[in-house]
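# Report on the structure
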Amino acid sequence: MPYRTPEERFADLPDFPFAPNYVSVGADLRMHYVDEGTGASILCLHGEPTWAYLYRHMIPPLAAEHRVVVPDFIGFGRSDKWTAVDDYSFAHHYETLRTFVEALDLSEITLVVQDWGGLLGLAFAARQPERVARLVVLNTFLPTGEEEKSPAFRQWRRFVERTPDLPIGTVVRRGFADSSRLSDAEVAAYEAPFPTADSKAGAVAWPLLVPMTPDAPGADAMRETRARLAEWSKPAFVLFAPGDPILGGAREFFLDLLPTAREQPDVVVDDAGHFLPDERGPTVARHVRRFVDRTA
């Protein structure tokens, strides 16, 4: 049986008043999501080592005119968690995401992705483009194991390999351009889903699942995703924080990969780090709303 974080861990989180929702994505496997507002769907996917809390500053402004759906991947947030690192794989995460989207019957999606949300979400968009109307690509990448990884990522991966009890909140704070923007209470909110070392297995797994060689698991899926997105014909908006030492340099990669990306305004978020949906949430939400409006 998977581990389920006690609900009391999520009481009185700062700036997170959203009611929890759950859907089954497998036998005895429950996935949590925030579901706010009405209208066309905006699906926001988090990355490592965060959860739906990452998007808390974006949900209210987006939900004023749209239905905003923000799930927690298995192993994160209020979703169920396997307690062994080896229980996680790219294929498992992809299948639970696909099952989630189909269970909610989401269509005409504006897909917002960051970090691992990009690896999985862009793979989904490439394989099921009929459900996705447009893409918003925040700091992420599509690693095939053939590219040179940034020094910051290699350092981060080595840290994870020797630290099974990850200090989740500290990791998030250090990913900000200005760490003082995240209060101690917000750091605790990022840590809330992970009360034990075993409950952090999903967070430990993700950096180790990034393909480091061309024959690594997931590398073929990333190559397929790149090939399909190279023919993407729907609107795509690349909105990066270039100051992110891990993934900020991938901005030009996506501008070159997605045929429609350079049709959108050339916008960067200069005053943010890796976790830009949190650090500059209202700004990012404003750009997303303008993008949806001009491509509707």
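In case you missed it, the structure is sitting above this.
In short, a report on the structure. (Residues numbered from 1 in each chain as written. Predicted model: local features only at pLDDT ≥ 70, side-chain atom pairs only at ≥ 80, totals over all residues. Heavy atoms only, no water.)

## Quick look at the overall build of the protein
For the protein, the count of helices and strands is eleven helices and seven strands. Relative to its length of 296 residues, the protein is compact, with a C-alpha radius of gyration of 17 Å against a globular reference of 19 Å. Out of the 296 residues in the protein, the part that is buried amounts to 57%. If you take every contact in the protein between residues at least 6 apart in sequence, the share linking residues at least 24 apart comes to 78%. As displayed, the protein has an accessible area near 11,400 Å², and 49% of this comes from carbon and sulfur atoms. (Helix = DSSP H or I, 4+ residues; strand = E, 2+ residues; numbered from the N terminus. Rg over C-alpha atoms; globule rule 2.2 N^0.38 Å. Buried < 20%, exposed > 50% of the residue type's maximum accessible area, 1.4 Å probe, protein only. Contact = heavy atoms within 4.5 Å. Areas by Shrake-Rupley, 256 points an atom, 1.4 Å probe, with all protein chains shown as cover.)

## Looking at the packing of aromatic side chains
The full count for this structure, using the stated rule, is 19 aromatic pairs. Both rings, one in Phe 90 and one in Trp 116, keep their centres 6.4 Å apart while their planes meet at 50 degrees; by these two values the pair is tilted. Here the residue Phe 90 occupies a position in helix 2 (residues 90-104), and Trp 116 occupies one in helix 3 (residues 116-127), the gap between them amounting to 26 residues. Looking at Phe 90, the relative accessible area reads 11%, which means it is buried. For Trp 116, a relative accessible area of 4% corresponds to the buried category. Arranged with centres 5.2 Å apart and planes meeting at 0 degrees, the rings of Trp 116 and Trp 206 form a pair that is stacked. (Phe/Tyr/Trp six-rings, centres within 6.5 Å; stacked < 30°, edge-to-face > 60°.)

## A closer look at the packing of helix 2 against helix 3
For the pair helix 2 and helix 3, the least separation of the axes is 10 Å and the interaxial angle reads 60 degrees. Relative to helix 3, helix 2 is oriented oblique. Crossing hand, helix 2 versus helix 3: right-handed. Judged by residue contacts, Phe 90, His 93, Tyr 94, Leu 97, Arg 98 and Val 101 of helix 2 engage Trp 116, Leu 119, Leu 120, Gly 121, Ala 123, Phe 124 and Arg 127 from helix 3. (Axes fitted to C-alpha atoms, helices over the stretch in contact; angles between N-to-C directions. Parallel < 35°, antiparallel > 145°, perpendicular 65-115°, else oblique. Left-handed = near helix turned anticlockwise from the far one by under 90°.)

## Here we look at the pairing of strand 6 (residues 132-137)
Burial within strand 6 is extensive, with six of its six residues counted as buried. As paired elements, strand 5 (residues 109-113) and strand 6 share five bridges and run parallel to each other. Each bridged residue has a counterpart across the sheet, and for Val 112 the counterpart in strand 6 is Val 136. Pairing analysis gives three bridges linking strand 6 to strand 7 (residues 236-238), with the strands arranged parallel. Each bridged residue has a counterpart across the sheet, and for Val 137 the counterpart in strand 7 is Val 238. (Pairing = 2+ DSSP bridges.)

## A short note on the nonpolar core
Buried together is how nonpolar side chains tend to be arranged in soluble globular proteins. Counting residues in each nonpolar core, the largest one holds 103 residues, and the members touching the most others are Phe 100, Leu 135, Phe 254 and Leu 258. Here this core gets eight residues from one element, more than from any other, and that element is helix 3. For Leu 135, the contacting residues outside a window of four places in its chain are Leu 111, Leu 122, Ala 125, Leu 229, Trp 232, Pro 235, Ala 236, Phe 237, Leu 258 and Phe 291. (Core = buried A, V, L, I, M, F, W, Y, C linked by side-chain atoms within 4.5 Å.)

## With respect to the side chain of Lys 81
Summarising the element assignment, Lys 81 is placed in the loop between strand 4 (67-71) and helix 2. It is Asp 80 that comes nearest to the buried, bridge-free Lys 81 among opposite-charge side chains, at 6.6 Å. Only 2.9 Å separates the side chain of Lys 81 from the side chain of Thr 5, close enough to count as a polar contact. Look past the residues within four positions of Lys 81 in its chain and what remains in contact with it is Pro 2, Tyr 3, Thr 5, Gly 75, Phe 76, Tyr 88, Pro 193, Phe 194 and Ser 199. (Lys, Arg positive; Asp, Glu negative; His and termini not counted. Salt bridge = Lys/Arg side-chain N within 4 Å of Asp/Glu carboxyl O. Polar contact = N/O pair within 3.5 Å; in protein donor to acceptor, adjacent residues only side chain to side chain.)

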